[in-house]
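Chain by chain, the residues:
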Amino acid sequence: MNGIVIKRSPWRVTFDGSFWHHPPRARSGQVLPLEKIFSWAGKKWVLPAAYLCGQGVVLDLCMEAVRSFLDKWGPKEYRLTSLELTLLQAEHPLHMDLSPSLTVNGKVLKYQGGMGVGWYPHWDRNDQEAQWLLEHYGLDPDKGWSIHRYGFPWATKRRPRRLSSLTLTLTPDPIPLPGPLFTVDGPGQEISFVQPVTGQAHTLTVEEYEPQGEGDCQEDNGMVYPTRYITLTYRLDPDLPQEAITLQDRAEGDRPYPKESDPMAPQASCSTTLFTLPEGPGLHATVSSLYFQPPKEVQWQMLLWEKRSDDISIPLF
């Protein structure tokens, strides 16, 4: 454990509270035992209970995960880049890449927000509150778990007098799958790749590749910021939707620095800047990280965003 002893509060669930802390005078929800166990997206899921509150339904969703993630990603002795963080999140066994909804008496309830905790087996830095959750729901502590609590406001002004049906729908969010890593020589260059989910072969053709940015730097609040970057405009054959592919500069770019040197000043970093999307059917565009001087070469990492599984609907009663 983390060494901090936390006083355990009595178990109760409120609509606006957290797992163990609740607003003053908040009323506890009526527990609705479910004990649903199902498989989805290659993982085991447990729905122990729902809670009927005045403002809506609270649902606890538990996902069993594996420990191999820790062997690959942590702990790291260096700061992860934004690209590594993106890939880490996609592979994280305790990260739920999904959007839930509840259908109550034929009316769809969208989740308003939620919270989550993770439990790694045989790890001395687990939160004590996560251990209490495992104990309350009888989950195996020798397994890895991600426990999320979601709130679903009622679709009606008041809580229904009775529930005739209750169905949970889970929709997976797109996650990034790494494509090729490449550099660009100039317009006309072609890069071939295969979409890993569909197996479809595609060709990326560079249309424009130019350095951008006026001035060597920009000053704001005593800091000097890089303003140079490179734009890459390209076409795909066959084409893909804009949201299905991104290209990201593998480097982090240049860090801002204080106009007057101060060794105690906090460090900051820059990655990308705003730019205008290209005009014309079939055109895609991206920009590099920010630099004080345009880099001689940019390594572009292709990310292909796909849903790894289909939606699933689980009748709860």
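Residues numbered from 1 in each chain as written. Predicted model: local features only at pLDDT ≥ 70, side-chain atom pairs only at ≥ 80, totals over all residues. Heavy atoms only, no water.

## Regarding the overall build of the chain
- Looking only at helices and strands, one finds 3 helices and 19 strands in the chain.
- The contacts in the chain between residues at least 6 apart in sequence include a share of 69% that link residues at least 24 apart.
- In the form shown here, the chain has an accessible surface area of approximately 18,100 Å², with 49% of it arising from carbon and sulfur atoms. (Helix = DSSP H or I, 4+ residues; strand = E, 2+ residues; numbered from the N terminus. Contact = heavy atoms within 4.5 Å. Areas by Shrake-Rupley, 256 points an atom, 1.4 Å probe, with all protein chains shown as cover.)

## Re the sheet that holds strand E15 (residues 245-249)
- As summarised here, the arrangement of the 3 strands in space is E9-E18-E15, forming an open sheet in which the pairing is antiparallel. At either margin of the open sheet sits one strand with a lone partner, and together these are strand E9 (175-182) and E15. Each strand of the sheet is rotated relative to its neighbour by a mean of 30°, with strand direction disregarded.
- Where E9 and strand E18 (residues 300-306) come together, 6 bridges link them in antiparallel fashion. Within E18, the residue paired with Phe 182 across the bridge is Trp 300. (Pairing = 2+ DSSP bridges. Axes fitted to C-alpha atoms, helices over the stretch in contact; angles between N-to-C directions.)

## Regarding unusual backbone geometry
- Residue Pro 238 follows Asp 237 across a cis peptide bond; omega there is -10°.
- Here the phi dihedral of Ala 41 falls at roughly 55°; this positive angle occurs in a residue that is not glycine.
- Its place among the elements puts Ala 41 in the loop between strand E1 (30-40) and strand E2 (43-52).
- On the basis of relative accessibility, which here comes to 41%, the residue Ala 41 falls in the partly exposed class.
- In this structure, His 122 is a non-glycine residue whose phi angle is positive, near 60°.
- With respect to the helices and strands, His 122 occurs in the loop between strand E6 (113-119) and helix H3 (128-137). (Buried < 20%, exposed > 50% of the residue type's maximum accessible area, 1.4 Å probe, protein only.)

## So, the sheet that holds strand E3 (residues 56-65)
- Spatial strand order, E1-E2-E3-E7-E6: 5 strands in an open sheet with antiparallel pairing. Two strands bound the open sheet, and with one partner strand each, they are E1 and E6. Averaged over all pairs of adjacent strands, the angle between strand axes in this sheet comes to 15°, irrespective of strand direction.
- Both E2 and E3 contribute to a ladder of 5 bridges, which runs antiparallel. From the neighbouring strand, Tyr 51 faces E3, where its bridge partner is Val 58.
- Docked against the sheet, H3 engages E2, E3, E6 and strand E7 (144-153), running at close to 95° with respect to E6.

## Looking at the pattern of salt bridges
- On inspection of all chains with the given rule, the structure shows 4 salt bridges.
- A salt bridge links Arg 235 to Glu 207; the shortest N-O distance between them is 3.5 Å. Highlighted residues: Arg 235 in strand E14 (residues 229-237) and Glu 207 in strand E11 (residues 201-212), separated in sequence by 28 residues.
- With a relative accessible area of 34%, Arg 235 lands in the partly exposed category.
- Classification of Glu 207 by relative accessible area gives partly exposed; the value is 33%. (Salt bridge = Lys/Arg side-chain N within 4 Å of Asp/Glu carboxyl O.)

## Some details on H3
- All of the buried residues in H3 are Gln 128, Ala 130, Trp 132, Leu 133, Leu 134 and Tyr 137.
- The secondary structure elements touched by the buried residues of H3 are E2, E3, E6 and E7.
- Immediately beyond the C-terminal end of H3, within one or two residues, lies Gly 138, with a positive phi of roughly 70°.

## Regarding the nonpolar core
- Phe 38, Leu 47, Val 57, Leu 102, Leu 168, Leu 170 and Leu 316 are the most contacted members of the largest nonpolar core, which has 26 residues in total.
- Secondary structure elements with two or more residues in this core: E1, E2, E3, strand E4 (98-104), E7, strand E8 (166-172) and strand E19 (312-315). (Core = buried A, V, L, I, M, F, W, Y, C linked by side-chain atoms within 4.5 Å.)

## Topic: the packing of aromatic side chains
- Enumeration over the complete set of coordinates arrives at 10 aromatic pairs.
- Between the aromatic rings of Trp 11 and Tyr 137, the centroid separation amounts to 5.6 Å while the plane-to-plane angle is 80°, which identifies the pairing as edge-to-face. Here the residue Trp 11 occupies a position in the segment before E1, and Tyr 137 occupies one in helix H3, the gap between them amounting to 126 residues.
- Here Trp 11 falls in the partly exposed class, since its relative accessible area comes to 24%.
- The class for Tyr 137 is buried, based on a relative accessible area of 14%.
- Aromatic pair Tyr 111 and Tyr 150: ring centres 5.4 Å apart, planes at 75°, arrangement edge-to-face. Within this pair, whereas Tyr 111 is found in the loop between strand E5 (107-110) and E6, its partner Tyr 150 is found in strand E7, the two being separated by 39 residues in sequence.
- Among the residues examined, Tyr 111 registers a relative accessible area of 34% and is labelled partly exposed. (Phe/Tyr/Trp six-rings, centres within 6.5 Å; stacked < 30°, edge-to-face > 60°.)

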